[in-house]
Amino acid sequence: MSMVPRSPFRKNLTNMILFICPVFHSDNTQFRFSTETEIAVLKTEKTHNNGSQNLLSGISKNVRCHLKEAVHNLYFTGCHAIQPDSSAYAHLLKGCVKSKALPEGKLVHTHIIYSACKCHDIFLGNKLMNMYAKCGNLIDARRVFDQISGRNIVSWTVMITAYARHGESEEALALFYQMQQTGVEPDQFTFASVLPACAGLAALEKGKEIHKEIMRRGYQCDVFVSSALVDMYVKCGSLEDARDVFDKMPERDIVSWNAIIAGYAQHGFVDSAWELFEKMPERNVVSWSTMLAGYGQNGRLDEAMELFHKMPERNAVSWTAMIGGCAQNGRFDEAVKFFQEMPERDIASWNAMIAGYAQNGFVEEAVELFKKMPERNVVSWTAMIAGYAQNGLIDNALDLFQKMPKRNVVSWTAMIAGYVHNVQFDKALEVFQQMQLTDVKPNADTFANVLAACANLAALVCGKQIHEYTFRSGFQSDVFVGNSLVDMYSKCGSIGDARKAFENILTRNVVSWTAMISGYAIHGHGKEALMLFEQMQHSDTTPNHVTFIGVLSACCHAGMVDVGLQYFDLMRLKYHITPIMEHYCCIVDLLGRGGLLDEAHDFISKMPIKPDTAIWLSLLFACRNHSNIELGERVAERLFELEPKNAAPYVLLSNTYAITGRWDDIERVRKKMKDKSVKKNPGCSWIEVNNQVHFFIVGDN
């Protein structure tokens, strides 16, 4: 395209473009004038001298103009020597942003390059950067940024915002520090843009450093900055700091209220979230949806249902929160009903439904829904991968993972978690190693799953290396990573390191306390476990059924029969937790270890639920340890009926006979095993050498 000289009609064309662009709005992928304004175009081309006037005066109400036509008109003006100025280009680029019309935006960019307005002009450069970023093209946004000479604060802030919004948190932070090195001082908008990058990395220490700088520059009272600080602290797991910022805000907007409510709900403090929700001066659909999700994620679905029906307005997020809540809480028929009744489905609702089908074992239905989706994103693929893995179809999950058009950190994490779920911990570590060879950086969930693999392999050296990696990545204070570290160190036998990891968790949730209590219990530190439980009861965290499994186990290992029975009553009467099989098993084990075998047998006979194999095996262990052959034989017979092919009761009964020297009975048990083709599984051991876990079974060389 040849260069177009400046024209006396340039201002008129500018006015025409200003008239066209501000009124674009989205209607699916079509963009039209919201006022139904229509523009007539010239049917015949006039001479060069009066052509521009005809172009401008041809506006009437008989032809609809779309964004593509506006950009086409921009090129058409080249024949008439009409040159738009920067503001005209800016309005066209604004239309491209609203419509996510990247091809049209590139055409405008091309026209700018060949026009008198150079792309390195700061004003236009910032607009071009924003257009590329909002259209998802960070590479071209950065190219424009690099070409701008004399960048101002807007240039840096636009690019930092782009990186943060697209999950490139490390790039956003690097650019923030680079900006300061060039002498450009951040303003309130820059701070509000870089804090989400800290949140994305769970980089609490960096977030605190930026908070101090905000205080030095006096921006702590800015509502946008304060809201970003609240959100950052919440996502970094520091609810105490988030609440401190929130309480000190001289002015709060609905964003800051929603952020702190989401923080409490996501960390399991639903009642605290509800108290804040009730105090809100005004609420929007996000406020209501946040509470819905909080109730659903914490097992309080009836309250979520009640709240949903009270909502003054609902959007796709509200409906999707109910679909997810119903699916997670075993009420899948209701999830299907919500999905069917949705007035308008978005891709998130489809994804939630696929995940719901998979979570409830309906893999075929999930696959059918996946195939029917009008469009898919990386979340859709990931939901299906997770669905396969959750239902034991790990090979199908791997096949789909390899076919993905694009993978992100969630996809990699889903594959790692899938292997952990399917007890293929070595494969989980292999996938993590493959992930490190890509540009994808691990997040808190990735580290949590990798640490779980290390924990189950008792791979302490590998676990410590992952721990160091979390520090380098800025996740050392994340509550989920912290919980996984406590669990890993406990299962690897390093209870001192587990306690250090526990102390480093800034905002502990019920999982944090439970992991540490259970760690103490497993290693026989009953008194320490019970002391920690007493501290927990004085905190803001309410124990759950898993916590009491750890507490009762601690009582078992410490031989505290009476104390264990008191905690069992406390669980039922104070915390209104209905005992499940694991709680009953702990009590049987507690009584059995204390030599109260008849009491244990009587306890089993009075259970409101049918005892399973684990209950009877626990009693049989006690019979062996206390040489009670008569009761042991009765219990073993019950186990033979429940699981005829299970070798454990045969072995335990044989060991009971051996303690008292009844060799003929041992031979009888062995013959019975042979007649019923019952085989004992060989013992298995493993050792970690050079970050590789090697397995051995009896007979290996």
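As the structure is a computational prediction, the values presented were derived from the model and not from experiment. (Residues numbered from 1 in each chain as written. Predicted model: local features only at pLDDT ≥ 70, side-chain atom pairs only at ≥ 80, totals over all residues. Heavy atoms only, no water.)

A. Quick look at the overall build of the chain. The helix and strand tally for the chain stands at 39 helices and four strands. Taken over 701 residues, the chain has a buried fraction of 50%. By element, 51% of the accessible surface of the chain is carried by carbon and sulfur atoms, the whole surface being about 34000 Å². (Helix = DSSP H or I, 4+ residues; strand = E, 2+ residues; numbered from the N terminus. Buried < 20%, exposed > 50% of the residue type's maximum accessible area, 1.4 Å probe, protein only. Areas by Shrake-Rupley, 256 points an atom, 1.4 Å probe, with all protein chains shown as cover.)

B. Spotlight on helix α24 (residues 409-421). The end-to-end C-alpha separation of α24 is 18 Å, in line with the 18 Å expected for 13 residues at 1.5 Å each. Here α24 lies mainly inside the structure; ten of its 13 residues are buried. Within α24, burial applies to V409, S411, W412, T413, A414, M415, I416, G418, Y419 and V420. Buried residues belonging to α24 abut α22 (378-390), α23 (394-403), α25 (425-436) and α26 (444-457). The N-capping residue of α24, defined by a side-chain oxygen 3.1 Å from the backbone nitrogen of V410, is N408. The first or second residue beyond α24 is V423, which carries a positive phi of 60°. (Expected span 1.5 Å × (residues − 1). Contact = heavy atoms within 4.5 Å. Polar contact = N/O pair within 3.5 Å; in protein donor to acceptor, adjacent residues only side chain to side chain.)

C. Just the packing of aromatic side chains, in detail. For the structure shown, the criterion picks out 28 aromatic pairs. On the numbers, 6.0 Å between centres and 70° between planes, the contact of W319 with F338 is edge-to-face. With a gap of 19 residues between them, W319 in helix α18 (residues 316-328) and F338 in helix α19 (residues 332-341) connect regions that are remote in the sequence. Judged on exposure class, the residue W319 and its partner F338 are both buried. (Phe/Tyr/Trp six-rings, centres within 6.5 Å; stacked < 30°, edge-to-face > 60°.)

D. Representation of the packing of helix α14 (residues 254-266) against helix α16 (residues 285-297). At a minimum axis separation of 9 Å, α14 and α16 run at an interaxial angle of 0°. Judged by the angle between their axes, α14 and α16 are roughly parallel. Between α14 and α16, the residues in contact are I254, N258, I261, A262, A265 and Q266 and V286, S287, T290, M291, G294 and Q297, respectively. (Axes fitted to C-alpha atoms, helices over the stretch in contact; angles between N-to-C directions. Parallel < 35°, antiparallel > 145°, perpendicular 65-115°, else oblique.)

E. Highlighting a negative patch on the surface. Residues E168, E170, E171 and D439 make up a contiguous surface patch of negative charge. For E170, a relative accessible area of 40% translates into the label partly exposed. (Patch = residues over 30% accessible without salt bridge, like charges linked within 9 Å, V, L, I, M, F, W, Y side chains within 5 Å. Salt bridge = Lys/Arg side-chain N within 4 Å of Asp/Glu carboxyl O. Lys, Arg positive; Asp, Glu negative; His and termini not counted. Charge placed at Lys NZ, Arg CZ, Asp CG, Glu CD.)

F. Expanded view of the pattern of salt bridges. Applying the stated rule across the entire model yields 27 salt bridges. We note a salt bridge from K464 to D497, for which the minimum N-O separation is 4.0 Å. Here D497 lies in helix α29 (residues 495-504) and K464 lies in helix α27 (residues 460-473), a separation of 33 residues in the sequence. Residues R634 and E630 are paired through a salt bridge, measuring 3.9 Å at the closest nitrogen-oxygen approach. With a gap of four residues between them, R634 and E630 both fall in helix α37 (residues 629-642), about one helical turn apart. The network of salt bridges with common partners includes E633, R662, D665 and R668.

G. A look at the packing of helix α4 (residues 86-99) against helix α5 (residues 102-113). Two elements in contact, α4 and α5, have axes whose closest approach is 9 Å; the angle formed by their N-to-C orientations is 160°. Our classification of the angle between α4 and α5 gives roughly antiparallel. Considering only the axes of α4 and α5, their crossing is left-handed. On α5, the residues touching Y89, L92, L93 and C96 of α4 are E104, G105, V108, H111 and I112. A per-class count over the contact of α4 with α5 returns six nonpolar, two polar and one charged. (Left-handed = near helix turned anticlockwise from the far one by under 90°. Nonpolar A, V, L, I, M, F, W, Y, C, P; charged D, E, K, R; others polar.)

H. Representation of helix α20 (residues 347-359) within the structure. With 13 residues, α20 ought to run about 18 Å at 1.5 Å a step, and its terminal C-alpha atoms sit 18 Å apart, in line with that. Every buried residue of α20 is listed here: S349, W350, N351, A352, M353, I354, G356, Y357 and A358. Against α18, α19, α21 (363-372) and α22 lie the buried residues of α20. The positive-phi residue at the C-terminal boundary of α20 is G361, with phi of around 85°.

I. Structural detail: the side chain of S484. Within the secondary structure, S484 sits in helix α28 (residues 479-491). Of the residues examined, S484 reaches a relative accessible area of 13% and is grouped as buried. Among all residues touching S484, those that are not within four sequence positions of it are A448 and L451.

J. Summary view of the side chain of H583. Tracing the backbone shows H583 in helix α34 (residues 581-593). Using a relative accessible area of 0% as the deciding quantity, one classes H583 as buried.

K. Representation of the environment of M129 in the model. Mapped onto the elements, M129 comes out in helix α6 (residues 122-134). Taking the relative accessible area as the measure of exposure, M129 reaches 0% and is therefore buried. Spatially, the C-alpha atom of M129 lies 7.3 Å from that of R142, the residues being 13 residues apart in sequence. If near-sequence neighbours (up to four positions away) are discounted, M129 is found in contact with A141, V144, F145, I148, S155, V158 and M159.

L. Fine view of unusual backbone geometry. Here the phi dihedral of H576 falls at roughly 55°; this positive angle occurs in a residue that is not glycine. Relative to the helices and strands, H576 is located in the loop between α33 (561-573) and α34. Assessed through its relative accessible area of 64%, H576 is described here as exposed. A positive phi is found at S627, a non-glycine position, where the angle reads about 55°. Inspection of the secondary structure puts S627 in the loop between α36 (613-625) and α37.

M. Main features of the nonpolar core. Core analysis: the biggest nonpolar cluster contains 214 residues, and M131, I210, V230 and L619 have the highest contact counts within it. Those residues in contact with L619, other than ones at most four positions away along the chain, are V588, L597, A600, H601, I604, L631 and V635. (Core = buried A, V, L, I, M, F, W, Y, C linked by side-chain atoms within 4.5 Å.)

N. Local environment of the environment of W616. Turning to its location among the elements, W616 is positioned in helix α36. Residue W616 is classed as buried on the basis of its relative accessible area of 6%. Spatially, the C-alpha atom of W616 lies 7.9 Å from that of R638, the residues being 22 residues apart in sequence. Among all residues touching W616, those that are not within four sequence positions of it are H601, I604, P611, V635, R638, L639 and L642.

O. Just the state of the cysteines, in detail. One pass over the full model with this rule turns up zero disulfides. The thiol of C556 is unpaired, and the distance to the nearest cysteine sulfur, on C586, comes to 5.4 Å. With relative accessibility at 5%, the residue C556 sits in the buried group. (Disulfide = S-S within 2.5 Å.)

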